[in-house]
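So the chains spell out like this:
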Amino acid sequence: MAKPRRSLQPPVAPQPSLSASAQEPEPKPQPRIIWSGAVRGWVSVLILIHVTALFVGPWASPPPSSYLSQQVERLYEPYLRTVFLKDHGYRFFAPNPGASHLVRYELLDAEGNKIGEGRFPNLDVHWPRLLYHRHFMISESLNNVTSIPAEAPADDAPADVKAGYQNAVRLRDAYFESIARYLAYEHDVPQVKLVLIEHGIPHPLDVAEGMSLSDPSLYREREVGVYQRDDLLLKPVAPKPTEIPATIAAPPQEAEEI
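Residues numbered from 1 in each chain as written. Predicted model: local features only at pLDDT ≥ 70, side-chain atom pairs only at ≥ 80, totals over all residues. Heavy atoms only, no water.

**Q** Where do I start with the packing of aromatic side chains in this structure?
**A** Two descriptors summarise a pair of aromatic rings, namely the distance from one centre to the other and the angle between the planes of the rings. Using the criterion set out here, one finds three aromatic pairs in the structure. A ring pair is formed by Phe55 and Trp59, whose centres lie 5.5 Å apart and whose planes are at 40°; its orientation type is tilted. One end of the pair, Phe55, and the other, Trp59, are both in helix H2 (residues 37-60), four residues apart, so they sit about a helical turn from each other. What makes Trp59 partly exposed here is its relative accessible area of 25%. Taken together, a centroid distance of 6.1 Å and an interplanar angle of 75° make the contact between Phe176 and Tyr227 edge-to-face. Taken as a pair, Phe176 in helix H5 (residues 159-187) and Tyr227 in strand E4 (residues 219-230) lie far apart in primary sequence, 51 residues in all. (Phe/Tyr/Trp six-rings, centres within 6.5 Å; stacked < 30°, edge-to-face > 60°. Helix = DSSP H or I, 4+ residues; strand = E, 2+ residues; numbered from the N terminus. Buried < 20%, exposed > 50% of the residue type's maximum accessible area, 1.4 Å probe, protein only.)

Written out as structure tokens, the structure is:
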């Protein structure tokens, strides 16, 4: 008995009837949201306030900053704190970035003899990069709190000037004690000396003539003070301002990325 032959052509899909498609309702267009002129104006004002706040944050904080930026920040402070844009520590670096700073510390015995030393930030120790950055912020803050006049304001100075100077001195001493206390207990030594190292930026003409970024002439040292361990406290024995020379220091063995 002969088998029926199969067709090589694919089956044709049934076509929908014109009468059925004609009965389907057409999709309705989506309604457009039309804002009035007043609403558009208020939204534009809010966007302008937020964009301005994004600029004011790094413009005024952290110090040093201009008087104008501080006054504008005071006006925006409630909004900056609400949206977490206050005191983040970021700033515009261009077009004139300043010098960067390291902290070198000497570990001393009870007689004042050096028994060890170290520095931070240190690429060989502080890793990953975020940990290095945290120590870099500590050294930069240490430099900021030391940027106060060596002499107190005159007796006839305004009361707010005297109060501001005393607050700056207390902040400086508290910062020194905090760093030195940690180092003294971390290394179990009776005394710690802190030295601030400033790493300057060479002039473009000097770089063009072959000066290295780690040239010894770019490093300057300034002694911060010697701290003595006394139970849970470290009492600063800071030298007088006239006894703090700015000397040329040799660069670290491996150039720091600062």
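The structure having been displayed, the exposition proceeds.
**Q** Got a minute to help me understand the packing of H2 against helix H3 (residues 67-82) in this structure?
**A** The geometry of a pair of packed helices is captured by two quantities: the angle between their axes and the separation between those axes. Contact geometry of H2 with H3 gives a least axis separation of 9 Å together with a crossing angle of 125°. Relative to H3, the element H2 lies oblique. In this structure, the crossing between H2 and H3 has a hand that is left-handed. Taking contact as the criterion, the partners of Ile49, His50, Thr52, Ala53, Val56, Trp59 and Ala60 in H2 are, on H3, Leu68, Ser69, Gln70, Val72, Glu73, Tyr76, Tyr79 and Leu80. Here the contact of H2 with H3 is composed, by residue class, of 10 nonpolar, four polar and one charged. (Axes fitted to C-alpha atoms, helices over the stretch in contact; angles between N-to-C directions. Parallel < 35°, antiparallel > 145°, perpendicular 65-115°, else oblique. Left-handed = near helix turned anticlockwise from the far one by under 90°. Contact = heavy atoms within 4.5 Å. Nonpolar A, V, L, I, M, F, W, Y, C, P; charged D, E, K, R; others polar.)

**Q** Quick question: what am I supposed to make of the environment of Pro58 here?
**A** Mapped onto the elements, Pro58 comes out in helix H2. Judged by relative accessible area, Pro58 falls into the buried class, the value being 2%. Along the primary structure Pro58 and Asp87 are separated by 29 residues, whereas in three dimensions their C-alpha atoms are 8.3 Å apart.

**Q** When you look at the side chain of Glu106 in this model, what are you seeing that I'm missing?
**A** Of note, Glu106 is situated in strand E1 (residues 100-108). In contact with Glu106, not counting residues within four places along its chain, are Lys114, Gly116, Glu117, Gln191, Val192 and Lys193.

**Q** Would you take a moment to explain the pairing of strand E2 (residues 114-120) for this structure?
**A** Consecutive residues of a regular strand have side chains that alternate between opposite faces of the sheet. One ladder, built from six bridges, connects E1 with E2; its direction is antiparallel. Looking across to E2, one finds that Arg104 is bridged to Arg119. (Pairing = 2+ DSSP bridges.)

**Q** What am I meant to see in helix H4 (residues 129-145) here?
**A** Because each turn of an α-helix spans 3.6 residues, side chains separated by three or four positions in sequence point in the same direction. The terminal C-alpha atoms of H4 lie 25 Å apart, and with 17 residues this matches the ideal 24 Å at 1.5 Å per residue to within 8%. Those residues of H4 not exposed but buried are Tyr132, Phe136, Ser139, Glu140, Leu142, Asn143 and Val145. In this structure, the buried side of H4 is in contact with E1, E2, H5, strand E3 (191-199) and E4. (Expected span 1.5 Å × (residues − 1).)

**Q** Would you mind going over the nonpolar core with me for this structure?
**A** A general trend in soluble globular proteins is that nonpolar side chains are found buried together. Judged by nonpolar contacts, the single largest core of 17 residues is most densely connected at Tyr105, Leu142, Val192 and Leu194. For this core, the elements supplying multiple residues, two or more each, are E1, H4, H5, E3 and E4. Top element by residues in this core is H5. It accounts for five residues. Contact partners of Tyr105, with chain neighbours within four places excluded, come to Gly116, Glu117, Gly118, Arg119, Phe120, Leu183, His187, Val192, Lys193 and Leu194. Listed in part, the five residues of the second largest apolar core include Ala53, Val56, Tyr76 and Leu85. (Core = buried A, V, L, I, M, F, W, Y, C linked by side-chain atoms within 4.5 Å.)

**Q** Just checking my understanding: could you explain the environment of Asp188 for this structure?
**A** Mapped onto the elements of the fold, Asp188 is located in the loop between H5 and E3. Along the chain, Asp188 and Arg229 lie 41 residues apart, while their C-alpha atoms are 9.5 Å from each other. Polar side-chain contacts of Asp188 include one of 3.2 Å to the side chain of Arg229. (Polar contact = N/O pair within 3.5 Å; in protein donor to acceptor, adjacent residues only side chain to side chain.)

**Q** Just to check I follow, could you spell out the side chain of His126 for this structure?
**A** Position of His126 relative to the elements: it lies in the loop between E2 and H4. Engagement of the side chain of His126 in a polar contact is seen with the side chain of His135, the distance being 3.5 Å. Contacts of His126, omitting those with residues within four sequence positions, involve Arg119, Phe120, Pro121, Leu131, Tyr132 and His135.

**Q** Please explain the UniProt feature "transmembrane region" (unreviewed entry) in the protein chain as it appears in this structure.
**A** Mapped onto the present numbering, the UniProt feature "transmembrane region" (unreviewed entry) falls on residues 38-60. In this annotation, residues 38-60 is assigned 100% helix and 0% strand; the end-to-end C-alpha distance for the span is 32 Å. (UniProt positions renumbered as here; feature names shortened; annotations may be inferred.)

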